[in-house]
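Examination of the molecular architecture
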Amino acid sequence: MKPWIALAGLSALLLAGCGANVNRTQAVYILVDTSGTYAKELTKAQNVVNYVLGTLQPGDSLAVGRVKSRSFTEKDIVAKVTLNRDPVQANGQKRIFSGEIATFAKSSQSGGGSRYTDITGGMMQGAEFLHETGARTKTLIIFSDMQEELDYKTKRDFPIKLEGIRIIALNVTKLDTDNVDPRRYTGRLEWWEQRAREAGATDWRVVNDLEHLERVFSNRG
Amino acid sequence: MSSLFIWPGNPLLSLLVLLAIAVPFLYVARAPMQDFIHRLTRAITNPLRLGSRWFAQTAYRLQTRNREVLFAQGGRELKLTIDRELERVSALVERDLQGYPAMQRKLMDEITHIEEDYKRSAEVPPPPPEWVKAIEELAKIKAGRDGVVERILGDIRKSLDGIYQKVVAEYRRAYEERHSILKRFLPFWRAAGQTLSQVERNITGLQDSAAKIDTNVGRLEAIFAKRSDAEHALITSASTQMFISALVMLIAFGGAYVNFKLISLPMSAMVGGGDYVTESLRASEVAALVIVLFETLMGLFLMESLRFTNLFPLSGITERMRKNLMWVSLIILLVLAGVEVALAVMRDQIIAADVALKATLGGGAPVAAAEVGWVTKIPTAGQMILGFTLPFALAFVAIPLEYCINSGRIVLGALLVLTLRGLGFALRVTANLTREAGKLLGVLYDVLIFAPLAIERWIVRARANGAKDEAVEEKVPLRKLGARTEEAI
């Protein structure tokens, strides 16, 4: 009678395979600062995008948005993709995405940076994208010096919503003024952390060592 | 505790004083306390002993049942072995006996040939020539000095020499002819020898089979007689079988794991790469597992329909149905093996594409197509071969599985009996220890109140002595009275 037990187990597995499906997808939004002097860091941003692309699994989503004078618009999403369930097709999508980012990096470097830096708008746009994907793990990577500069018309001094999103500030470079008074740098980061946590972000991390990105992306949440 | 001490600075003295105060009470409460200790011990030991007895009885019942199963199974297996041996003998006898008339005819022909040739080769002495008598007569003639006679004798010698040469030549020719006949003998002798050797081999094979059948029948008799040596032999055999089958299944499990790894990645292209059934189990892995399990299942059916195993109750189905089942299982297995071959190719392509993509993303040059030679295709070919072979190799797992199930029932039963006996023994030991501990507690209680007990004994003895003295005093006058009465009489 033992084989019938095996058969029952097999059927249970089949049912499990057909029925319940655990959502383990991941969505990543990379916000790249293209303003002012930070525009020259775009090559590094491209490497980070490629790295993230390499870690994504079929079903995951990725978008790259840029930070400009006003960034809360879909036009600032440079490229976005939700990888196909088929790994072969997902591979092709990754290749195309990588090409789009290379083109963007080239054009941004030659075009020069924007006058103002609307990080908050970019974050709001990123949060919108991440929520729309319905992914289980949502990550917002901000590739910027985290120095926000807004024109007098742009309003960003209100609470934002970042529930369920973990935020990683990558390559937060020190400005000349930070060198004069390092408290400005730490104070700036603390302010952003506080703002992110108040907005409901699950995590806030600052990573400046781009050589060990695997430590940041080792787990899928 | 220290609050109980009368003199906290001197605990020993306090304890002694407390003991001195408690001793009278303990003495008064001795009988109910001893009774309490006795009852408490019994309250613990009795259930333990009952439990021990239950375990022993259950172990006995289980052992009896195991024995029945063991003998039944052993008997069935031996019967099957004997049946197979008898079938073999029957096939041998049928095959050889069918051929025996032809073989005998052949042998007889060969013997006839040999006989005829032997007769032909018999030496025929040349007939005595007539001229020998004439020569004998001539030999009587004395030569003397007669020249004519001498000449005649000389002529005769010459003629005789010629004739002698002719006769000898004829004699040699006859011998040569006989030798050639004898030479023709050889193949017939050889053929006859080979035929007889074949017969001998067949007879020896039959004798071996008969000896095996005899041995197995002896074993079967021992099983029917339920002899303990047969039981031991069967248990040992079952343990060995279980160990070997478990080892083989472990190896098969390794094969199944390799098979699983081979197809789990490409299965993601079929069922979706990012789908998870549980937190850590991908849908593609489940699909690969299902394929591997299906292959194993088809293998089970195939082995069952080929009568290699007897796991399912298929005795009721017809031979035609069995054949159909065999073909269906084989075809499904072939299809699955083909699918695995395709998946193996796909796996290789996915890995190659992934490597190329990672090289591109890392800023390196993509892998040149020109470098792909026949040597690089060896792993792909190896994977394809593995993908096709492993399902069929897995099919054979049914045989050790059957052995494992059959022998596992016996071995696990024996282990269960051993465990039950061990538990029974442990309970019995605990019960005995508890009983002895109760006795020890009673003695300890008496030790604590030894002083009043000693006084009690002293008083009892004194009373007993007093009572004895009184009894002696009462007896003496009576005896004296008796003596007087006798004297009076």
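Residues numbered from 1 in each chain as written. Chains lettered and ligands numbered in written order. Predicted model: local features only at pLDDT ≥ 70, side-chain atom pairs only at ≥ 80, totals over all residues.

Attention shifts here to the overall build of chain B. Secondary structure assignment for chain B yields 10 helices and 0 strands. When its helices and strands are written in sequence order, chain B yields α-α-α-α-α-α-α-α-α-α. Among the 489 residues that make up chain B, the fraction classed as buried is 19%. Nonlocal contacts in chain B, meaning residues at least 24 apart in sequence, comprise 81% of its contacts between residues at least 6 apart. (Helix = DSSP H or I, 4+ residues; strand = E, 2+ residues; numbered from the N terminus. Buried ≥ 20, exposed ≤ 12 C-beta atoms within 10 Å, placed from the backbone. Contact = placed C-beta atoms within 7 Å.)

Looking only at helices and strands, chain A has 6 helices and 6 strands in total. Secondary structure elements of chain A, listed N to C terminal, follow the sequence α-β-α-β-β-α-α-β-β-α-α-β. The long-range fraction of contacts in chain A, counting pairs at least 24 apart against all pairs at least 6 apart in sequence, stands at 80%.

A few words now on the interface of chain B and chain A. The partner chain A presents 29 residues to the 28 residues of chain B that form the contact. Listing elements by their share of the side of chain B that touches chain A, those giving two or more residues are α5 (228-271), α6 (283-305) and α7 (319-361) of chain B. For the side of chain B that touches chain A, the leading source of residues is α6 of chain B, giving 8 residues. Considered class by class, the residues forming the side of chain B that touches chain A number 18 nonpolar, 6 polar and 4 charged. (Nonpolar A, V, L, I, M, F, W, Y, C, P; charged D, E, K, R; others polar.)

All names here are of chain A. The strand order across the open sheet built from 6 strands is β3-β2-β1-β4-β5-β6, with neighbouring strands paired in mixed fashion. Single-partner strands in this sheet number two, and they are β3 (77-82) and β6 (203-207). Strand-to-strand, the axes of this sheet are offset by a mean angle of 15 degrees, without reference to chain direction. The pairing of strand β5 (residues 165-170) with β6 spans 5 bridges and is parallel. Bridge pairing in β6 links L170 to V207. Sitting on the sheet, helix α2 (residues 42-55) is in contact with β1 (26-33), β2 (61-67), β4 (137-143) and β5, with an inclination near 175 degrees to β1. (Pairing = 2+ DSSP bridges. Axes fitted to C-alpha atoms, helices over the stretch in contact; angles between N-to-C directions.)

Moving on: helix α4 (residues 119-133) of chain A. Residue and element names in this part refer to chain A. Here α4 spans 21 Å end to end across 15 residues, near enough to the 21 Å set by a 1.5 Å rise per residue. Buried residues of α4: I119, T120, G121, G122, M123, Q125, G126, A127, F129, L130 and T133, and no others. Those residues of α4 hidden inside the fold are in contact with β1, β2, β3, β4 and β5. Following α4 by one or two positions, G134 has its phi on the positive side, about 70 degrees. (Expected span 1.5 Å × (residues − 1).)

All names here are of chain B. Closest axis-to-axis distance for the α5/α7 pair is 8 Å, and the angle between their directions is 80 degrees. On the basis of their axis angle, the class for α5 and α7 is roughly perpendicular. Across the interface between the two elements, L262, I263, L265, P266, M267 and A269 from α5 touch E340, L343, A344, M346, R347 and I350 from α7. The residue makeup of the contact of α5 with α7, split by class, is 10 nonpolar, no polar and 2 charged. (Parallel < 35°, antiparallel > 145°, perpendicular 65-115°, else oblique.)

Let us look at the confidence of the model for chain B. All names here are of chain B. Mean pLDDT over chain B: 83, with 90% of residues reaching 70 or higher. Per-element confidence in chain B is highest for helix α9 (residues 398-448), whose mean pLDDT is 92, and lowest for helix α3 (residues 131-139), whose mean pLDDT is 71. The ipTM value of the predicted complex is 0.75, and its pTM value is 0.64. (pLDDT = per-residue confidence, 0-100.)

Membership of the largest hydrophobic core comes to 49 residues, with the highest contact counts inside it found for I30, L31 and L140 of chain A. L289, L300, V397 and A398 of chain B belong to the second largest nonpolar core, which has 42 residues in total. (Core = buried A, V, L, I, M, F, W, Y, C linked by C-beta atoms within 7 Å.)

Residues and elements named next belong to chain A. The element β2 is largely enclosed, with a buried count of 7 among its 7 residues. Residues of β2 alternate between two faces, with S61, A63, G65 and V67 on one and L62, V64 and R66 on the opposite face, all of them buried. Summarising the sheet, β1 and β2 pair through 7 bridges and their orientation is parallel. Note that in β2 the partner of V28 across the bridge is L62. Direction of pairing for β2 relative to β3: antiparallel, over a ladder of 5 bridges. The residue of β3 that forms the bridge with G65 is I77.

So, about helix α8 (residues 378-395) of chain B. Residues spaced three or four apart along an α-helix face the same direction, because each turn holds 3.6 residues. When the terminal C-alpha atoms of α8 of chain B are compared, their 26 Å separation across 18 residues agrees well with the 26 Å that a helix rising 1.5 Å per residue should span. Of the positions making up α8 of chain B, those classed as buried are M384, G387, L390, P391, L394 and A395 of chain B.

We now examine the packing of α5 of chain B against α6 of chain B. For any two helices packed against each other, one specifies the inter-axial angle together with the distance between the axes. All names here are of chain B. At a closest axis distance of 7 Å, the pairing of α5 and α6 adopts a crossing angle of 130 degrees. Regarding the angle of α5 to α6, the classification is oblique. Pair α5 / α6 crosses with right-handed handedness. Counting all contacts with α5, which are made through A256, N259, F260, I263, S264, M267, S268, M270 and V271, the residues of α6 involved are A283, S284, E285, A287, A288, L289, I291 and V292. (Left-handed = near helix turned anticlockwise from the far one by under 90°.)

Turning to unusual backbone geometry, a few remarks are in order. The phi angle at N171 of chain A is positive, at roughly 50 degrees, despite the residue not being glycine. Looking at the element boundaries, N171 of chain A is found in the loop between β5 and α5 (176-180). Among the residues examined, N171 of chain A registers 20 C-beta atoms within 10 Å and is labelled buried. You will see that R307 of chain B, though not glycine, has its phi angle at about 65 degrees, which is positive. Considering the arrangement of structural elements, one finds R307 of chain B in the loop between α6 and α7. Judged by the 10 C-beta atoms lying within 10 Å of it, R307 of chain B is exposed.

In this section: the pairing of β4 of chain A. All names here are of chain A. For β4, the buried fraction is high: 6 of the 7 residues fall into the buried class. Relative to β4, β1 runs parallel, the two being bridged by 7 bridges. Residue V28 lies in a different strand from β4, and its bridge partner there is T139. Where β4 and β5 come together, 6 bridges link them in parallel fashion. Across the sheet, the residue bridging to T139 is R166, located in β5.

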